[in-house]
Amino acid sequence: EADKEIVLEVRHAGLGGHSVTLQARRGWSMLEVRRATARAVGRPEVLEFGRLVRCRADGSYKSLRDVDRLTSLLPDEGVVMMNARLDENLERPEVQDEDYREAEARRVQP
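About the thresholds
- Residues numbered from 1 in each chain as written.
- Predicted model: local features only at pLDDT ≥ 70, side-chain atom pairs only at ≥ 80, totals over all residues.
- Heavy atoms only, no water.
- Helix = DSSP H or I, 4+ residues; strand = E, 2+ residues; numbered from the N terminus.
- Contact = heavy atoms within 4.5 Å.
- Areas by Shrake-Rupley, 256 points an atom, 1.4 Å probe, with all protein chains shown as cover.
- Lys, Arg positive; Asp, Glu negative; His and termini not counted.
- Charge placed at Lys NZ, Arg CZ, Asp CG, Glu CD.
- Buried < 20%, exposed > 50% of the residue type's maximum accessible area, 1.4 Å probe, protein only.

Colleague: With reference to specific residues and values, describe the overall build of the protein.
Modeller: Scanning the protein from terminus to terminus reveals 3 helices and 5 strands. In sequence order, the secondary structure elements of the protein are arranged as β-β-α-α-β-β-β-α. Referenced to the eigenvectors of the C-alpha coordinate spread, the extents of the protein come out at roughly 40 × 30 × 25 Å. Considering only contacts in the protein between residues 6 or more positions apart, those separated by 24 or more positions represent 61%. Approximately 6,600 Å² of the protein is accessible, and the part contributed by carbon and sulfur atoms is 49%. The distance from the centre of the 19 positive side-chain charges to the centre of the 21 negative ones in the protein is 5 Å.

Colleague: Report on the side chain of arginine 54, specifying residues and quantitative values.
Modeller: As for its position among the elements, arginine 54 is in strand S3 (residues 51-55). What makes arginine 54 buried here is its relative accessible area of 14%. Leaving out residues up to four positions away in the same chain, arginine 54 has contacts with Ser60, Tyr61, Lys62, Leu64, Ser72, Leu73, Glu77 and Gly78.

Colleague: Let's hear about the environment of valine 20: which residues, and what values?
Modeller: Structurally, valine 20 is set in strand S2 (residues 19-25). As for valine 20 and alanine 38, which are separated by 18 residues in sequence, their C-alpha atoms are 9.8 Å apart. Residue contacts for valine 20: discarding those within four places in its chain leaves Leu8, Glu9, Val10, Thr37, Ala40, Val41 and Leu86.

Take a look at the structure:
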């Protein structure tokens, strides 16, 4: 089941926030989700500052660690991004692979 392809929507925590739809694998870690999200919107800062949380049915949030897997989410839980924008970076063509690597290296683990 970990190799099963899924469509994953990552929503921004803010009201009226943007969302990103990813082609993912059920076994991806949250770090892999953040990497794919950063590249989808052209924003390395998603890797440095973005925090993924699970949205529970009652509306509460619970932090997800980089090592947590999508398989750990319950069917009614969504993935929400905090602390990073999800709108597309209009200067995306200037963003290089090195920018993503450097942003990830600067990330301070909670």
